[in-house]
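These are the residues of each chain, in order.
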Amino acid sequence: MRRLSCLAVLVSLPALAAAQERRDNRLTERAHQDRDIVYFLQPPETHSFDLYHDYTESRTGVDKYVNIVRKGSRASKPSAKILDTGETLKTETLRGEEITRAKVDIGEAVQPDSEAVVIRFPAVAKGHSVRLRISETYTDEKSYRLEGDELVFDRSFGRPHNAVVLPAGWYVTASAIPATVSQTADARIRLDFVNPRPDEIAVLIRARRRKSP
Amino acid sequence: MRAMLLAAAVFALGCAAQPAPRAPARPASAAAPAERTSPSAEASTKAKAESDEYTRYELLAPETAQFHILYEVTAMAPGATVFFNPIRKGSAASGERVTDRMTGQDLRFEVVSGQEARASGLPRADLETDYIRIHLPRAVPADGGQVRLLIEKTYKDPKSYFREGEAIVFSRSLGIKRNSVVLPPGYELTSCNVPSQVLSEPDGRITIAFWNTGPDAAPLKLTARRLSP
C-alpha cells in the first residue's frame, strides 16, 4: 500500500510541476507581451499559408530562437532577420535525431517526427534586446482546407495578437472569434485578433471566393 | 520652463517617425512615403509610422500627485532618422529620458515647435503643438524594420491622480491599447472599471494591466487604499 502511495506521488509530481508552470504562465503580464503573428493564406487547395512572427528577445546571453513546428504542420522556406538592423539571419530546419545531435532543447521529448526551425543570432548583451522576424510557409491540411466552395481556417492561437489575411479574391463569411476587419494595401481582407486573456482562442474562419474579381 | 514645454506628451495621439529631410530647403521631400515592395507578405501590411505602443504608469506617493511613465513605442517609417512625439501643454513633467531599447543607449532629443517639426521631417505637424524630436540611433531599416524606443518621464497631474477620502484614485482616459498601472507600495486595489489582470511586482506592489481591444480610449478609473501596517 505504502509502495503504491509512493508511486502515486512520483507520478503526480511532474503533473503538479506542470500545473504550477501553467499557473505561473497565466500570471505574466499579457498587455506587455509583444509577440505577434500574421498569417497570409495561400489558395486553399494548397493547404498552405505564409506567416511571419515578430518576437523580442531580451534575456542576456540567449543566442538562438527555436520554433517548434506543430504536429500536423510542415514548415518550409524559413527565413529570419533582425528588425532592428535589417540583418538577415541563417536558419536551419532540424528533424528528429538532428535535433538531438544539435543539442537543441525543444522543451519536450524529441520524437522521430519532431521538427524545429532554429535561428541563431549574436548573444543578447546585458541591457540590450533584439527584435526578430521569422518567416515561414506552413502546410497543414487540418488547419486550412476547402469545404465545398468555402475556405476553412481552423487553428488555435496562443499569442495576444494574431492576424489572418485571406487569399486575394476571397471574402469572409464567418469568424467564430471576434476580430477587427480591414483591407490590406492590395485589397485582401485581414482579420485581427487580440486576446487580452492568458489563454488560447480557437479561431475558425470561413470565406468564399468573390464571383467577380 | 523646459519641464513645462515637455509636459504631458499625448502618447495616444500620433507620434510619428519621419525620414530626415535630405535638404532643409526642400522639406516636402522629407516625408517620403513608406517604401513599397512587391506583393509579398510584408507589402500587405499597412505602412505605419509607429507601432507596438505600451505604457506603464507607476504611481508615486499620493500626496505628490505624480506618476512615473514608461512608454514603449516603435518607429516604423523606413529611412526615418528622427521621431516626433506631440506635447500637450498644461502639466509639469520632469525626468525625461529616451532610450534605444536595442542597446539601452540614451538618445538625444529636444523640444521643437510645430513649425520646426514641419521643416524637419513632419510635414503635417500641427502648428499649435510642440513636439519632442528624438534623434534615432540609426535609420529605420526598410522592409518592416524598426527602431524601438523607451520614453520615460515623471508626470504631475492632480486631475488624474488624487485622494478621495481614504482612497486614492487614478482616473485617466488611456488611448494606448496596452497599459499597466502600478500602485504605490503598501496599497491594495479596491476597484477598477476596465477588465484587467491583477499582478504582483517582485517588490510586492500591485499592478493592474489590460489590453484595450476596442477602438476608443479606455476611461480607466481605479481606486486603492492603504493596507494596515
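Residues numbered from 1 in each chain as written. Chains lettered and ligands numbered in written order. Predicted model: local features only at pLDDT ≥ 70, side-chain atom pairs only at ≥ 80, totals over all residues.

Q: Any chance you could break down the overall build of chain B for me, citing the residues and the numbers?
A: Regarding its fold elements, chain B presents 2 helices and 15 strands. Across the 229 residues of chain B, 38% fall into the buried class. Contacts in chain B between residues far apart in sequence, at least 24 positions, make up 72% of those at least 6 positions apart. (Helix = DSSP H or I, 4+ residues; strand = E, 2+ residues; numbered from the N terminus. Buried ≥ 20, exposed ≤ 12 C-beta atoms within 10 Å, placed from the backbone. Contact = placed C-beta atoms within 7 Å.)

Q: Can you explain the overall build of chain A? Please cite residues and give values.
A: Per the secondary structure count, chain A includes 2 helices and 15 strands. Per-residue burial over chain A gives 28% buried out of 213 residues. At a minimum sequence separation of 6, the contacts of chain A that also span at least 24 residues come to 68%.

Q: How would you summarise the nonpolar core if you had to cite specific residues and measurements?
A: Counting 54 residues, the largest nonpolar core has Tyr39, Leu41, Val164 and Val165 of chain A together with Leu59 of chain B as the members making the most contacts within it. Structurally, this core is a two-domain feature, drawing no fewer than three residues from each of domain 1 (29-47 + 141-213) and domain 2 (55-134) of chain A. For Leu59 of chain B, the residues in contact, after removing those within four places along its chain, are Phe67, Tyr161, Phe170, Val181, Val182, Leu183 and Pro184 of chain B. Counting residues in each nonpolar core, the second largest holds 23 residues, with Tyr71, Ala75, Ala80 and Val82 of chain B among its members. (Core = buried A, V, L, I, M, F, W, Y, C linked by C-beta atoms within 7 Å. Domains from an automatic or database assignment.)

Q: Account for the interface of chain A and chain B, with residues named and values stated.
A: The interface is formed by 29 residues belonging to chain A together with 29 residues belonging to chain B. Listing elements by their share of the side of chain A that touches chain B, those giving two or more residues are strand E1 (36-41), strand E2 (48-57) and strand E8 (130-139) of chain A. Per-element accounting of the side of chain A that touches chain B gives the leading share, 4 residues, to E8 of chain A. For the side of chain A that touches chain B, the per-class residue count stands at 12 nonpolar, 8 polar and 9 charged. (Nonpolar A, V, L, I, M, F, W, Y, C, P; charged D, E, K, R; others polar.)

Q: Any details on the environment of Asp52 of chain B? Residues and values, ideally.
A: Residue position: Asp52 of chain B is located in strand E2 (residues 50-59). Residues Asp52 of chain B and Leu127 of chain B, spaced 75 residues apart in sequence, show a C-alpha to C-alpha distance of 27 Å.

Q: Can you lay out the environment of Pro185 of chain B for me, pointing to particular residues and giving the numbers?
A: Residue and element names in this part refer to chain B. Looking at the element boundaries, Pro185 is found in the loop between strand E11 (178-182) and strand E12 (187-192). Given 14 C-beta atoms within a 10 Å radius, Pro185 is considered partly exposed. In the structure, Pro185 is positioned 77 residues away from Arg108 in sequence and 32 Å away in space, judged by C-alpha atoms.

Q: With reference to specific residues and values, describe unusual backbone geometry.
A: A negative phi angle characterises most non-glycine residues, just as the trans form characterises most peptide bonds. Its identity is not glycine, yet Ala187 of chain A carries a phi of approximately 70°, on the positive side. Within the element layout of this structure, Ala187 of chain A appears in the loop between strand E13 (180-183) and strand E14 (189-194). Since 10 C-beta atoms lie within 10 Å of it, Ala187 of chain A is described here as exposed. Even without a glycine there, the phi angle at Asp52 of chain B is positive, about 55°. Asp52 of chain B sits in the partly exposed class, given 19 other C-beta atoms within 10 Å.

Q: Summarise the pairing of strand E14 (residues 206-211) of chain B; cite the residues concerned and give the values.
A: Residues and elements named next belong to chain B. For E14, the tally of buried residues reaches 5 of 6 residues, placing the bulk of the element in the interior. Pairing of E11 with E14 involves 5 bridges; the strand directions are antiparallel. Bridging across to E14, Val182 finds its partner in Thr207. (Pairing = 2+ DSSP bridges.)

Q: Quick rundown of the pairing of strand E11 (residues 161-165) of chain A? Include the residues and the values.
A: Residue and element names in this part refer to chain A. When you tally the buried positions in E11, you get 5 out of 5 residues, the bulk of the element. Of the two faces of E11, both are covered, the one formed by His161, Ala163 and Val165 as well as the one formed by Asn162 and Val164. For E1 and E11, the ladder comprises 5 bridges, and the chain directions are parallel. Looking at E11, one finds that Val38 is bridged to Ala163.

Q: Give me the sheet that holds strand E15 (residues 218-226) of chain B: which residues, what numbers.
A: Residues and elements named next belong to chain B. Within the open sheet, the 4 strands sit side by side as E9-E10-E15-E12. Their pairing is antiparallel. A single partner strand is all that each edge strand has here, and the edge strands are strand E9 (161-164) and E12. Each neighbouring strand pair of the sheet contributes to a mean axis angle of 30°, computed without reference to strand direction. Here E9 runs beside strand E10 (residues 167-174); their pairing, made up of 4 bridges, is antiparallel. (Axes fitted to C-alpha atoms, helices over the stretch in contact; angles between N-to-C directions.)

Q: Which residues make up the sheet that holds strand E6 (residues 91-95) of chain A, and what values go with them?
A: Paired through their backbone hydrogen bonds, the strands of a sheet run either parallel or antiparallel. Residue and element names in this part refer to chain A. Across the sheet, which stays open at both edges, the 3 strands sit in the order E3-E7-E6 with antiparallel pairing between neighbours. Edge positions in the sheet fall to strand E3 (64-68) and E6, since each has one partner strand and no second. When strand polarity is set aside, the average angle formed by the axes of neighbouring strands in this sheet is 25°. Both E6 and strand E7 (residues 115-120) contribute to a ladder of 5 bridges, which runs antiparallel. Residue Thr93 lies in a different strand from E7, and its bridge partner there is Val117.

Q: Any details on the environment of Thr55 of chain B? Residues and values, ideally.
A: Residues and elements named next belong to chain B. By secondary structure assignment, the location of Thr55 is in strand E2. A residue is classified by how many C-beta atoms lie within 10 Å of it, and Thr55, with 21 of them, is buried. Distance in space between the C-alpha atoms of Thr55 and Lys177 is 8.6 Å, their sequence separation being 122 residues.

Q: Describe in detail the confidence of the model for chain B, supporting the description with residues and values.
A: Parts of the prediction with low pLDDT should not have their coordinates interpreted in detail. Residues and elements named next belong to chain B. A residue-level look at chain B finds 76% of positions with pLDDT of 70 or above and a mean pLDDT of 81. By mean pLDDT, the top-scoring element of chain B is E11 (98), and the lowest-scoring one is helix H1 (residues 2-5) (39). Here residues 1-15 scores under 50 on pLDDT; set against residues more than four positions off or in separate chains, the count is 48 contacts. Counted against residues more than four places away or in other chains, residues 19-46, with its pLDDT under 50, gives 58 contacts. For this predicted complex, the interface confidence score (ipTM) comes to 0.78, while the overall pTM stands at 0.80. (pLDDT = per-residue confidence, 0-100.)

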